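Analysis of the macromolecular model
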Amino acid sequence: MSGAVERTLVLIKPDGVVRGLVGEVIRRLEQKGLKIVGLKMMLLSRERAEELYAVHRGKPFFEGLINYVTSAPIVAIAVEGKSAVRVVRNIIGLTNPAEARPGTIRGDFALSIDRNIVHAADSVENASRELSIIFNSDEFYSYKRVDEDWL
Ligand code: CMP
């Protein structure tokens, strides 16, 4: 069966949490067959947020982005599955909700690029970097989903 098993990071950002979309986001990941291997709610510190979004430093939206992601709790989810990085990006949809397709999280629940509910790593390399910023190594869990052999 094709597709290497990958691990990636999904963040439900402050707008997703305060709008009560935590369950909706997790439901969509689980129903696809992805396995949650780490999960926690946290308030991102400025330092951690700036490290996470280091590639955007210097861009016009950087300050606003950091203020927004540190303004209320987030829910961080470590997700595992075949081609998880690409699969998760497809589930969440394009960064700009105006362009995101219906059926995607951003396509269904968001209107503006600076309030787009979720974040997900865009490559295997970034996934590994971002996971290590958010999770300690003892916060990942190993188990078998009952449907794993069928996915
Ligand atoms: P995210 O996937 O978390 O990655 C960077 C975030 O910056 C992005 O989602 C948006 O929420 C935010 N952002 C705000 N303005 C822009 C912009 N013009 N281009 C890209 N990202 C933006």
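Preceding this paragraph is the structure being described.
Let me begin by describing the structure that accompanies this report.

Rules of the game
- Residues numbered from 1 in each chain as written.
- Predicted model: local features only at pLDDT ≥ 70, side-chain atom pairs only at ≥ 80, totals over all residues.
- Heavy atoms only, no water.
- Helix = DSSP H or I, 4+ residues; strand = E, 2+ residues; numbered from the N terminus.
- Buried < 20%, exposed > 50% of the residue type's maximum accessible area, 1.4 Å probe, protein only.
- Near = heavy atom within 4 Å.
- Polar contact = N/O pair within 3.5 Å; in protein donor to acceptor, adjacent residues only side chain to side chain.
- Areas by Shrake-Rupley, 256 points an atom, 1.4 Å probe, with all protein chains shown as cover.
- Nonpolar A, V, L, I, M, F, W, Y, C, P; charged D, E, K, R; others polar.
- Salt bridge = Lys/Arg side-chain N within 4 Å of Asp/Glu carboxyl O.
- Contact = heavy atoms within 4.5 Å.

**Quick word on unusual backbone geometry**
If you check the backbone angles, Ser 83 has positive phi at about 50° while not being a glycine. Summarising the element assignment, Ser 83 is placed in the loop between β3 (74-82) and α5 (84-92). Relative accessible area serves as the criterion here: at 15%, Ser 83 is assigned to the buried category. Not every positive phi belongs to a glycine, and Ile 117 is a case in point at roughly 70°. Examined against the element boundaries, Ile 117 turns out to sit in the loop between α6 (105-109) and β4 (118-120).

**Points about the site of the ligand**
As a structural note, the neighbourhood of the ligand is formed by Lys 13, Tyr 53, His 56, Phe 61, Leu 65, Thr 95, Arg 106, Ile 113, Asn 116 and His 119. Lys 13 has a polar side-chain atom sitting 2.6 Å from an oxygen atom of the ligand. One of the backbone N or O atoms of Ile 113 is found 2.9 Å from an oxygen atom in the ligand. Relative to its unbound accessible area of 450 Å², the ligand is 79% covered by the protein chains. Residues belonging to the shell around the ligand are distributed by class as follows: 4 nonpolar, 4 polar and 2 charged.

**Here we look at the pattern of salt bridges**
On inspection of all chains with the given rule, the structure shows 11 salt bridges. A salt bridge links Lys 35 to Glu 148, with the shortest nitrogen-to-oxygen separation between them at 3.0 Å. One end of the pair, Lys 35, is in strand β2 (residues 35-42); the other, Glu 148, is in the segment after α7 (124-134), and 113 residues separate them in sequence. In this structure, the salt-bridge partner of Arg 46 is Glu 63, at a minimum N-O distance of 3.0 Å. A residue pair is termed long-range when its members are at least 10 positions apart, and Arg 46 in helix α3 (residues 46-52) and Glu 63 in helix α4 (residues 62-69) qualify at 17 residues.

**A look at the environment of Ala 84**
Assignment of secondary structure puts Ala 84 in helix α5. With relative accessibility at 0%, the residue Ala 84 sits in the buried group. Along the chain, Ala 84 and Leu 65 lie 19 residues apart, while their C-alpha atoms are 25 Å from each other. Residues in contact with Ala 84, not counting those within four places in the same chain, are Glu 6, Thr 8, Leu 34 and Val 79.

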